[in-house]
Amino acid sequence: MKTLRLYNSDGRELQEFKPLESGHAGLYCCGPTVYNYAHIGNLRAYTHWDILRRTLERFGYEVKHVMNITDVGHLTDDGDEGEDKMLKGARERDMSVWEIAEFFTKAFFKDIERLNILTPTVSCKATGHIDDMIALVKRLEERGFTYESGGNIYFDSTKLPDYGRMALLDRQNLQHGARVALDTNKHSPFDFVLWFTKSKFENQAMMWDSPWGRGYPGWHIECSAMSSKYLGERIDIHTGGIDHIPVHHTNEIAQSEGAFGHHWVNYWVHNEFLIMKEGKISKSKGSFLTLQKLIDDGYEALDYRYFLLGGHYRSQLIFSEESLDGARSARKSLLGRVASFYREIKGSPLPDISDLGKASFSRIEAFDAALGEDLNTPRALAELWQLVKDETIPAAERLAAVLDMDGVLGLNLEEAGEETAGTGEDDELSALLTRRREAREAKNWAAADEIRDELAERGWKVVDTPEGPRLEKA
RNA sequence: GGCGCCGUACCCAAGCGGUUAAGGGAGUGGAUUGCAAAUCCAUGAUUCAGCGGUUCGAGUCCGCUCGGCGCCUCCA
């Protein structure tokens, strides 16, 4: 089995991935809060975790991929006077909170699909697992990690000696309340709510009965409850955005290790942010870019995927129209090369990967090595390009190898084969091409260009080559 | 105030002590072309923000300076 080294945030170093169970990998990814559309920064995270999953599978692991859908409302930003995010979304769109959750969950999965991100083995909604959360809070209560204050149940962070170890939190020097008012019910600033019965928001729409009274769960508990339900009380890999390290994941670790009584997640993988020139993209600041907006602007979803793969997941990536244009050009050019391979092999079967020559096989090995080294997609893409441009390798081999690589990259390169397959098969199209050829031979350029325009209207672009004209999908 | 990240050619971006500093985009030159598009070929940093230091050897390690970003509040 190929080795995969991952940067583990818990310990802050590159470590070789060793599964709990040989040949299997449990992957938990912090999913979206469905109160609004996902923006392109959110989508960056899911794309890189997709690469992680596909790499694990390529390297021989059977992956169980679990992702939560947070459909219970939590705090809005500090600019809003303490309103529930789901409630806010519902009010703005004149829907119920349940409808809002449903609506944006669908929108999210549509984006995921367009970006060719594999759907998780298990997608679980927070609202469907309230009982599991209550059970977990009870367990924490029995083990002495909780206290009641002001009607809410809190986790007592002082009961866990290494609280904050992953985030390297300095308990003494952190300036609490620097940006947000302190919760006076807390005994210690790091404590957090496990169960609310005293909502500070009015009109809380989602409430459930519990041993502590009618209310709703704290934000962090859902991930601990659902991940342990589907992956067990020890997990191979847990992913999330880098922003989650200090609070959300720190608290997940605290409550999970408190409840289970042992180490919980072996590898924590965190992605950096996509940023704009002006700084990071923020949902709470109102306007933000969605995948749909990019598509409306004439890009394809996979152009964006290609763009994302050009940067390493642990580096901030600068988004701009110019860089997305670059990605689009690159992907188009790549598809063009792959299409030419398809034309060259004329439908003959592709060689098996194991039968490839030394040159192409070593490219694949370098490609895998790049992925194995903390998912270095920029280097993997570079290997792909080197392979594609290597004239010493037969087209059939290059095609076989590049499609093999695409199993991880997910750029749908095989679609380049479909375009050429349709060429000339349609009688009307061939008739038009023939008429254009005749016009050109008669040097009747006006007529020839007219036909070219007509073909363009039908979605085909004429490409004149030394071997004659060829049609490509526009 | 605390914690963390980054500064590589016009743009995006690899690189993690040692041959000529990946790759893509843009640009430029050429081939091809009725024109156009597309395609193909060629071409780019004596240098890695700056200044010191460690080392036989540094973009890569250490220190300082300048500049940018994120987190400490829900956020990928």
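What counts and what doesn't
Residues numbered from 1 in each chain as written. Chains lettered and ligands numbered in written order. Predicted model: local features only at pLDDT ≥ 70, side-chain atom pairs only at ≥ 80, totals over all residues. Heavy atoms only, no water. Helix = DSSP H or I, 4+ residues; strand = E, 2+ residues; numbered from the N terminus. Expected span 1.5 Å × (residues − 1). Buried < 20%, exposed > 50% of the residue type's maximum accessible area, 1.4 Å probe, protein only. Arc of directions from axis to C-beta. Core = buried A, V, L, I, M, F, W, Y, C linked by side-chain atoms within 4.5 Å. Domains from an automatic or database assignment. Contact = heavy atoms within 4.5 Å. Salt bridge = Lys/Arg side-chain N within 4 Å of Asp/Glu carboxyl O. Pairing = 2+ DSSP bridges. Axes fitted to C-alpha atoms, helices over the stretch in contact; angles between N-to-C directions.

J.: Any chance you could explain helix α3 (residues 97-114) here in plain terms?
T.: For the α-helix, the turn length of 3.6 residues means that residues three or four positions removed from each other point alike. In a regular helix each residue adds 1.5 Å, so 18 residues correspond to 26 Å; α3 covers 26 Å between its end C-alpha atoms and thus fits that length. All of the buried residues along α3 are Val-97, Ile-100, Ala-101, Phe-104, Thr-105, Ala-107, Phe-108, Asp-111 and Ile-112. With its buried residues spanning 165 degrees around the axis, α3 presents them on a single face. Opposite the buried face of α3, by more than 90 degrees, sit the exposed residues Lys-106 and Glu-113. Backbone geometry just downstream of α3 places Asn-116 in the positive-phi region, at approximately 60 degrees.

J.: Explain the nonpolar core to me, please; I cannot follow it from the model alone.
T.: A general feature of soluble globular proteins is that nonpolar side chains tend to end up buried together. By size, the foremost hydrophobic cluster in this structure holds 125 residues, and its most contacted members are Leu-56, Ile-237, Tyr-304, Phe-307, Phe-319 and Leu-384. Counting residues per element, this core draws most heavily on helix α9 (residues 321-345), which supplies nine residues. Each of domain 1 (5-271) and domain 2 (291-420) contributes no fewer than three residues to this core. In this view, Leu-56 contacts Leu-4, Phe-17, Ala-25, Tyr-61, Val-63 and Ile-237; residues no more than four positions away in its chain are not counted.

J.: Sorry, what's going on with the pattern of salt bridges here?
T.: Opposite charge on two side chains makes pairing possible when the charged atoms of those side chains draw close. Summed over all chains, the structure comprises 25 salt bridges. Taking the shortest distance from any N to any O, the salt bridge between Arg-5 and Glu-373 comes out at 2.8 Å. In this pair, Arg-5 sits in strand β1 (residues 5-8) while Glu-373 sits in the loop between α10 (358-372) and α11 (377-388), placing the two residues 368 residues apart along the sequence. You can call Glu-373 partly exposed: its relative accessible area is 28%. Two residues, Arg-58 and Asp-368, come together in a salt bridge whose shortest N-O distance is 2.6 Å. Placement of the pair is Arg-58 in helix α1 (residues 40-58) and Asp-368 in helix α10, with a sequence separation of 310 residues. Taking relative accessible area as the criterion, Asp-368 reaches 6% and is therefore assigned buried. Three or more residues joined by partner-sharing salt bridges are found here, namely Lys-2, Arg-58, Asp-368 and Asp-404.

J.: Just checking my understanding: could you explain the sheet that holds strand β3 (residues 24-29) for this structure?
T.: To summarise the sheet geometry, strands pair through backbone hydrogen bonds and adopt either a parallel or an antiparallel arrangement. Spatial strand order, β5-β4-β3-β10-β11: five strands in an open sheet with parallel pairing. Two strands close off the open sheet at either side, each with one partner strand: β5 (122-125) and β11 (265-271). Direction aside, neighbouring strands of the sheet carry axes that sit 20 degrees apart on average. Relative to β11, strand β10 (residues 235-241) runs parallel, the two sharing six bridges. Note that in β11 the partner of Ile-235 across the bridge is Val-265. Across the sheet, helix α5 (residues 221-231) is in contact with β3, β4 (62-69), β5 and β10; its angle to β4 comes to roughly 150 degrees.

J.: Is there a simple way to explain the side chain of Arg-44 in this structure?
T.: In this structure, Arg-44 sits in helix α1. Contact partners of Arg-44, with chain neighbours within four places excluded, come to Glu-272, Phe-273, Leu-274, Tyr-304, Leu-308, His-312, Tyr-313, Ser-315, Gln-316 and Leu-317.

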